[in-house]
Amino acid sequence: MSNVEIFGQLEIPNTLAAGPGPGNTDPRVLQRFAAAGMADHMQADVLRGMIEAKQMLRAIMGTSNIYTYGVAGTGWSGLDVMFSAVQPGDKVVVFVNGTFSGIDGLTVRMKAATAEELAANPMDPQPASVTIVNVPHGQSVTGEIVEKALAEHKPKWAAMAHWETGSGRINDLRGFSDACEKHGAMGLVDAVSSLGVENFAIDDFPGVHGWASCPQKGICCLPLTYAPVSFTDRYIETLRQTGTRTFVHHPILEARHWGIVDGKDVEKGTYHRTHSAYAVSAFHEALRITLQQTVAERAKQYAYHEAALRDAVTAMGCKVTSNMTSLVVLNLPEGLAGREQELVQTCRSKGFGIWPTLSEPVQVRIGILNLLNRAAVTEIVERFAAELSAMGANIDIETVRAGLERHYQTAVAAE
Ligand SMILES: *Cc1c(COP(=O)(O)O)cnc(C)c1O
């Protein structure tokens, strides 16, 4: 018998999740999570919920791809499914401009490495067939950069993050898709940060054949649920020919439980793994909320509130280097440079959940996922200003407040 202490019940406080993710889960999502009955993964309403979720996901992603569904887990789970088609020895070009695309690059290197290449450096393989194109932190991957690399290397696959959350930069999806089409590469896109935040339809980007996102950012569904993925027929056909060494994350097999069998929608899913009725209910509700609000309206709201936050931190003397609409990434005023970690730790200890960058250079990240109202943005601004002042920054809070007031006198721009 081991001597295990029985701990008290775990209490987790509510914090202001003002980071790059997870976003603030909608109370409706939590309500559906808790209200779901105990039902197994083959019960009729659970299966119906998955079929409906698949159809809603196609509408939200803007696609007629049959292979569109959710992968149980987080963003990396969906990305692992998407990168499963990459085989040892495959020629791949990956564009890296921050933490997350850097990990995408590592994932691709692990999958494309031959057995010898993997054994030579198991945690960080450097396969000859993979080219990593590094773009400096704080800069975007441009269409020209993609065009030049694909023209030179003519890879089977090309991979890029749509929005690089590490540095807060939007990469050129149009340029990426065009270059992939022109050079015959199959594009793979990490859309973890952009889905549900920007208004785009994946079918408008025919050079991209695989897409992966996450539950907890733009889709606002943190209770461990589903990472949306979508694959074109060409991706699926390619995978059918090569196969891949995974059962659970197999893009074709995983789709069966969502009622996608042999390239067709069927009435009812077949067993792949034990899905949770709670997760299905929560995810289903998150998708309903997105469709009710519409992706277009949400995208407008993000742009509107991000502009307010950006102006306010700029008025505090910070320099914003990001261009995503769910997140500002900033340098502190000169006198506070080097104290980013200290500031973030102090805020976090008070339940104000902002973040540093996770790779160099150290910057501060403040996000507004599902915080699309004046009160929430004002609270973020006030709390951030108070902590900066406490560290010695010289902030004219009345000027900051007047700027916010002016911003919120202007309505969200009409279409
Ligand atoms: C958050 C994020 C990920 C990882 O998602 P998890 O849900 O933490 O697994 C991957 N890529 C990008 C671009 C992200 O923003």
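Position numbers for residues count from 1 along each chain, tracking the sequence in the order it is written. Whole-chain, interface and lining totals are the exception, using all residues; otherwise, since this is a predicted model, local features are given only for residues with pLDDT of at least 70 and side-chain atom pairs are given and counted only at 80 or more. Computation of side-chain values: all heavy atoms of the structure, hydrogens and water removed.

(A) View of the nonpolar core. Among buried residues, the Ala, Val, Leu, Ile, Met, Phe, Trp, Tyr and Cys ones that are joined through side-chain atoms within 4.5 Å form a nonpolar core. Any residue under 20% of the maximum accessible area for its type is buried, any over 50% is exposed, and the rest in between are partly exposed; the area is computed with a 1.4 Å probe on protein chains only. Among the nonpolar cores identified, the biggest contains 75 residues, and Tyr69, Phe95, Leu150, Phe176, Trp211 and Phe231 are the most heavily contacted of them. Counting residues in each nonpolar core, the second largest holds 44 residues, with Val197, Ala312, Leu388 and Tyr408 among its members.

(B) Summary view of the domain arrangement of the chain. Domain start and end points were adopted from an automatic or database domain assignment. Domain boundaries assigned for the chain yield domain 1 (27–291) and domain 2 (295–414). The partner domain 2 presents 22 residues to the 26 residues of domain 1 that form the contact. Summing both partners gives a buried area of about 1800 Å² for domain 1 against domain 2, and 56% of it is carried by carbon and sulfur. Any carboxyl oxygen of Asp or Glu that lies within 4 Å of a side-chain nitrogen of Lys or Arg is treated as forming a salt bridge with it. The interface formed by domain 1 and domain 2 includes zero salt bridges. Polar contacts, as counted here, are pairs of nitrogen or oxygen atoms within 3.5 Å of one another; within protein the pair requires one atom able to donate a hydrogen and one able to accept it, and residues that are adjacent in sequence qualify only if both atoms are side-chain atoms. For the interface between domain 1 and domain 2, the tally reads eight residue pairs in polar contact (both at pLDDT 80 or more). Think of it this way: any DSSP run of H or I at least four residues long counts as a helix, any run of E at least two long counts as a strand, and we number them from the N terminus. When contributions to the side of domain 1 that touches domain 2 are tallied by element, the ones reaching two or more residues are α4 (99–112), β5 (163–164), β6 (169–170) and α10 (277–293). Three categories are distinguished: nonpolar for Ala, Val, Leu, Ile, Met, Phe, Trp, Tyr, Cys and Pro, charged for Asp, Glu, Lys and Arg, and polar for the others, with Gly belonging to the last. A per-class count over the side of domain 1 that touches domain 2 returns eight nonpolar, 14 polar and four charged. The contact criterion used is simple: two residues touch if any of their non-hydrogen atoms lie within 4.5 Å. In short, buried area is how much 1.4 Å probe accessible area vanishes from two parts on joining, totalled over both.

(C) Geometry of the side chain of Glu340. Looking at where Glu340 falls in the secondary structure, it is placed in helix α12 (residues 340–349). Among buried charged residues, Glu340 stands out as having no salt bridge; its nearest opposite-charge side chain is Arg339, 8.5 Å away. Ignoring any residue separated from it by four or fewer positions in sequence, one finds Glu340 in contact with Leu332, Val362, Gln363 and Val364. Counted charges follow a simple rule, with Lys and Arg positive, Asp and Glu negative, and His plus the chain ends left uncounted.

(D) Seen up close, the packing of helix α3 (residues 75–83) against α4. Contact pair α3 / α4: the axes reach a minimum separation of 10 Å and the direction vectors enclose 40°. As far as their axial angle goes, α4 and α3 are oblique. For the crossing formed where α3 meets α4, the hand is right-handed. Every residue of α4 that contacts α3 at Trp76, Leu79, Asp80 and Phe83 is listed here: Phe100, Ile103, Asp104, Thr107, Val108 and Lys111. Here the contact of α3 with α4 is built from residues that sort into six nonpolar, one polar and three charged. Simply put, an axis is a line fit to the C-alpha atoms, just over the touching stretch for a helix, and the angle between two N-to-C directions goes from 0 to 180 degrees. By definition in this entry, angles of less than 35 degrees are roughly parallel, angles greater than 145 are roughly antiparallel, angles of 65 to 115 are roughly perpendicular, and the rest are oblique. Definitions for this section: a left-handed crossing has its near helix turned counterclockwise from the far helix by less than a right angle. A right-handed crossing has that turn clockwise.

(E) Quick peek at the environment of Asp178. Along the polypeptide, Asp178 turns up in helix α7 (residues 173–183). With 30 residues separating them in the primary sequence, Asp178 and Val208 have C-alpha atoms 9.0 Å apart.

(F) Inspection of helix α6 (residues 143–153) at higher detail. Buried residues of α6: Gly143, Val146, Ala149 and Leu150, and no others. Taken around the axis of α6, the buried residues stretch over an arc of 140°, which confines them to a single face. Residues of α6 that are exposed and point more than 90 degrees away from the buried face comprise Glu144, Lys148 and Glu152. Lys154 sits one or two positions beyond α6 and adopts a positive phi of about 45°. To be clear, the arc concerns the directions from the helix axis to the C-beta atoms.

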